[in-house]
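# Coordinate inspection notes
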Amino acid sequence: MLDIKWIREHQEQVQLIAEQKGIDISIPELLRRDDQRRALLLEVERLRQERNRLTQRIQGFIRERAEEEAETCKGEVKKLNRRLTGLEHELQEAEREYRELMLLVPNPISPDTPIGLSDHDNVEIKRACEPPAFGFEPRDHVALGELHRLIDIPRGVKTAGSRNYYLTGTGVLLHRAVQQLAVDLLVAKGFTLLEVPLMVRPAAMYNTGFFPLGQGQTYRIADEDRWLAGTSEVPLVSYFEDDIVDVTRPLKLAAASLCFRNEVGSAGKDVHGLYRVRQFSKVEQVILCQNDPEVSEQLFQEITENAEELLQLLELPYRVMAVCSGDMSQKTYKQYDIETWMPSRASYGETHSSSQLLDFQARRSNIRFKDHSGKLQYCYTLNNTAVASPRILIPLLENHQEEDGSIRIPRALRKYMNGLERIIPAYR
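Parameters at a glance
Residues numbered from 1 in each chain as written. Predicted model: local features only at pLDDT ≥ 70, side-chain atom pairs only at ≥ 80, totals over all residues. Heavy atoms only, no water. UniProt positions renumbered as here; feature names shortened; annotations may be inferred. Helix = DSSP H or I, 4+ residues; strand = E, 2+ residues; numbered from the N terminus. Rg over C-alpha atoms; globule rule 2.2 N^0.38 Å. Buried < 20%, exposed > 50% of the residue type's maximum accessible area, 1.4 Å probe, protein only. Contact = heavy atoms within 4.5 Å. Disulfide = S-S within 2.5 Å. Pairing = 2+ DSSP bridges. Phe/Tyr/Trp six-rings, centres within 6.5 Å; stacked < 30°, edge-to-face > 60°. Lys NZ or Arg CZ within 6 Å of the ring centre and 35° of its normal.

Looking at an unreviewed UniProt entry, one finds the protein named Serine--tRNA ligase, with Paenibacillus oralis as its source organism. Entered under Subcellular location (unreviewed entry) in the UniProt record, the comment concerning the protein runs "Cytoplasm".

Below, the structure is given as structure tokens:
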């Protein structure tokens, strides 16, 4: 939640950013509501002071045995209380409406963020490794999964409904191997690994910027005021809620967790196979640092490079995309997506995402640090998907397949798969 003073000073810019991000909010209406609540607050405070003054007079009259004057003042206090009750109710309602609007205010966007409406307007800034040129008709990951008995989507749907799946046998080993590779990579780079809650309070979702706009994508626990997190970014940031932290060195956290996403409104979009599912696993990077844009940019490049290094270890072709204003979420200041080549789509598909958020999450979560002068400041936060599975299995299976249907295991994964170098079709 941005500071209202900053919003007043940049209201045209904030309104433009909201429109670019597709957020339905009127900044003039927000400022009008702020003026209204401030006026009510001043009037309530004035009446409370008047009541206190009258109460003191009543006590004085009682000491002086001036009963008639005391009764007159008591009558005035009753009138004030009736007036105050009405105004306090108005103030409470004005505060609620103001908070609801403030929760919709978008984070600014970086000067180098492309302006656009959708992912079609994202800009490629880097490409690594050429896609494979097959001398045969390649299978997609679903066919490969069936051939090797790695994936069973029909039984997943039978058991849990659409966009669910089973991984079986070597498919499970591959799924776990890529996660462990990512965990080991991050731990070696100084990240602290946490096991995190999967169910969180609504405050954690609001504080990290996933509510209110992302509420429709989130599963609620029936009869409980708790929600299933769609990313461990939520509990990782919330770990420091209301804390004063030492960010002399950036705090680097990582978690490997199950994630849940409702995928409301995505019918007919990228739903084939394992690309868009309701339950998946992610290894996430989260960093808290000082409120220094240069430091934040440096760390942003670092976490992106960590994800790139993982893809290089997996021997996969990919490209890095600068995400445009219309494809970014409310909370994001700057974002890169990494898209990995998926032969079955004959195109790149998003597998990783890096985001800078400035102090957006820290303000909501009240996470602060002391600067050199001892003054409390809000931290900056950043996050990146080091790997998400089973989506990463799509390019992993498809890019490394051979004409006979076998699948080569990248060298970096073999130690996690008991030395297995190749997945051979079951019929051989």
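Within the protein, the regular secondary structure consists of 13 helices and 17 strands. Here the C-alpha atoms of the protein give a radius of gyration of 28 Å, more than 25% beyond the 22 Å that 2.2 N^0.38 yields for 428 residues. Projected onto the principal axes, the alpha-carbon positions of the protein cover approximately 105 × 50 × 35 Å. Relative to its 428 residues, the protein shows a buried fraction of 51%. Long-range pairs, those at least 24 residues apart, make up 72% of the contacts in the protein with a sequence separation of at least 6.

A few words on the state of the cysteines. Going through the model one piece at a time under the given rule, you end up with 0 disulfides. With no disulfide partner, Cys-379 has as its closest neighbouring cysteine sulfur the one in Cys-289, 7.6 Å distant.

With 10 of 11 residues buried, strand β9 (residues 279-289) lies mostly within the body of the structure. Two strands pair when backbone bridges link them, and strand β8 (residues 251-260) and β9 are joined in this way by 10 bridges, in the antiparallel orientation. In the sheet register, Leu-251 faces β9, and the bridge partner there is Leu-288. Here β9 runs beside strand β15 (residues 380-389); their pairing, made up of 9 bridges, is antiparallel. By the bridge assignment for β15, Cys-289 is matched with Tyr-380.

Here we take up the packing of aromatic side chains. Between two aromatic rings, the relevant description is the distance of the centres plus the angle of the planes. Under the defined criterion, the tally for this structure stands at 6 aromatic pairs. Each ring, one from Tyr-239 and one from Phe-240, has its centre 5.0 Å from the other, and the planes form 85°; the classification is edge-to-face. With 4.7 Å between their ring centres and 55° between their planes, Phe-300 and Tyr-336 make a pair best called tilted. With Phe-300 in helix α10 (residues 293-313) and Tyr-336 in strand β11 (residues 334-342), this pair connects stretches of sequence that are 36 residues apart. Given a relative accessible area of 0%, Phe-300 falls into the buried group. By relative accessible area, Tyr-336 is classed as buried at 10%. In this arrangement the basic side chain of Arg-345 is found over the ring face of Tyr-275, its NZ or CZ atom lying 4.1 Å from the centre. Above the face of the Tyr-275 ring, Arg-391 is positioned so that its terminal group lies 3.8 Å from the ring centre.

The strands making up a sheet associate through hydrogen bonds between their backbones, and the pairing can be parallel or antiparallel. Strand order in the open sheet formed by 3 strands is β5-β7-β6, with antiparallel pairing between adjacent strands. The sheet is open, and its two borders are formed by β5 (199-200) and β6 (219-220), each paired with just one other strand. Pairing geometry for β5 and strand β7 (residues 227-228), over 2 bridges, is antiparallel. The partner of Met-199 across the bridge, within β7, is Leu-228.

This part is about the pairing of β11. Burial of β11 is extensive: 9 of the 9 residues sit out of reach of the surface. The side-chain alternation of β11 yields two buried faces, one formed by Lys-334, Tyr-336, Ile-338, Thr-340 and Met-342 and the other by Gln-335, Asp-337, Glu-339 and Trp-341. Two strands pair when backbone bridges link them, and strand β10 (residues 318-322) and β11 are joined in this way by 5 bridges, in the antiparallel orientation. Bridge pairing in β11 links Met-321 to Asp-337. Bridging between β11 and strand β12 (residues 347-356) involves 9 bridges; their strand directions are antiparallel. Its bridge partner lying in β12, Thr-340 is registered against Gly-349.

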